[in-house]
Amino acid sequence: MSVRPLCVEPHGVLRQPAAPITRWTDETRRLARDLIETMYANDGIGLAAPQIGCSTQMFVANPSQQQGQELVVINPVVEAAEGRASVIEGCLSLPDVWDRVRRAARIRISGRDVNGEPLTIRAEGLLAIVCQHEVDHLHGQLFIDRLSWFRRRRLQMRFTARSRKNRSASSAQ
Ligand code: ZN
């Protein structure tokens, strides 16, 4: 088990649709454990595989932050979404960005668990929000994509400026 480095916007892997998992191996279980450990190490309540540089369809979630209650979801498909919710979200791949996002209030997701067994999740409240946020990651989407054009543009300029600064800082050394 290990805590893996986080990929931060504008890292390309965050914008890539993740590939479905077709084989359930030790590698699958290791990835699930690494995701859980990395989520806790960063005080997160959800984490998707692309955020640690792995473009495969797996996410973990645990809004209660109680150890042992983690949800591992592989190849998720949102089967139903209803109602409206609007919650202020943040993302470990978008440091220091928080904004209100509109999503469905209740969802039903089908997928597989870490052993490849079929799984159905019916969620509302914070878990429903986290699951939608993480499914977006697997489609190469970030929560800022759901904001108004103006707000998104301002945030993107901030990230581009930051990555330019980092690049020139590293080339100077
Ligand atoms: Zn996120």
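Residues numbered from 1 in each chain as written. Predicted model: local features only at pLDDT ≥ 70, side-chain atom pairs only at ≥ 80, totals over all residues. Heavy atoms only, no water.

Colleague: Outline the overall build of the chain, supporting the account with residue identities and numerical values.
Modeller: Looking only at helices and strands, the chain features 3 helices and 7 strands. Start at the N end of the chain and walk to the C end: the helices and strands fall as α-β-β-β-β-β-β-β-α-α. In terms of overall dimensions, the chain is globule-like: its C-alpha atoms have a radius of gyration of 16 Å, near the 16 Å expected for 173 residues. By principal-axis analysis of the C-alpha atoms, the chain measures approximately 50 × 40 × 30 Å. Each charge sign in the chain was given a centre, from 24 positive and 18 negative side chains, and these centres are 9 Å apart. (Helix = DSSP H or I, 4+ residues; strand = E, 2+ residues; numbered from the N terminus. Rg over C-alpha atoms; globule rule 2.2 N^0.38 Å. Lys, Arg positive; Asp, Glu negative; His and termini not counted. Charge placed at Lys NZ, Arg CZ, Asp CG, Glu CD.)

Colleague: Tell me about helix 2 (residues 125-138), and name the residues and values.
Modeller: Helical periodicity: at 3.6 residues per turn, an α-helix aligns residues three or four positions apart in one direction. End to end, helix 2 covers 21 Å across 14 residues, agreeing with the expected 20 Å (1.5 Å per residue, within 8%). Inspection of helix 2 places Ala128, Ile129, Val130, Cys131, Gln132, His133, Glu134, Val135, Asp136, His137 and Leu138 among the buried residues, and these make up the whole buried set. Gly140 lies just past helix 2 and shows a positive phi near 80°. (Expected span 1.5 Å × (residues − 1). Buried < 20%, exposed > 50% of the residue type's maximum accessible area, 1.4 Å probe, protein only.)

Colleague: Quick rundown of the coordination of the zinc ion? Include the residues and the values.
Modeller: Protein coordination at the zinc ion: the donors are Cys91 (SG), His133 (NE2) and His137 (NE2), at 2.0 to 2.2 Å from the metal. Mapping the donors of the zinc ion onto the primary sequence gives the spacing C-x41-H-x3-H. Residue Cys91 is located in strand 4 (residues 85-91), and its partner His133 is located in helix 2; the two are separated by 42 residues in the primary sequence. Looking at Cys91, the relative accessible area reads 10%, which means it is buried. Judged by relative accessible area, which is 8%, His133 ranks as buried. (Donors = N, O, S within 2.8 Å, 3.2 Å for Na, K, Ca; no water.)

Colleague: Lay out the environment of Ala49 with the relevant residues and their values.
Modeller: Structurally, Ala49 is set in the loop between strand 1 (46-48) and strand 2 (58-61). If near-sequence neighbours (up to four positions away) are discounted, Ala49 is found in contact with Leu31, Leu35, Cys54, Thr56 and Met58. (Contact = heavy atoms within 4.5 Å.)

Colleague: For the pattern of salt bridges, give the residues involved together with the corresponding values.
Modeller: Applying the stated criterion across every chain, the model contains 10 salt bridges. A salt bridge links Asp145 to Arg15, with the nearest nitrogen and oxygen atoms 2.7 Å apart. Pair noted here: Asp145 is in the loop between helix 2 and helix 3 (149-171) and Arg15 is in the segment before helix 1 (26-41), with a separation of 130 residues, a long-range link. Taking relative accessible area as the criterion, Arg15 reaches 33% and is therefore assigned partly exposed. Across the pair Arg103 and Glu89 runs a salt bridge whose closest N-O atoms are separated by 2.7 Å. (Salt bridge = Lys/Arg side-chain N within 4 Å of Asp/Glu carboxyl O.)

Purely spatial values, then, with no claim about function.
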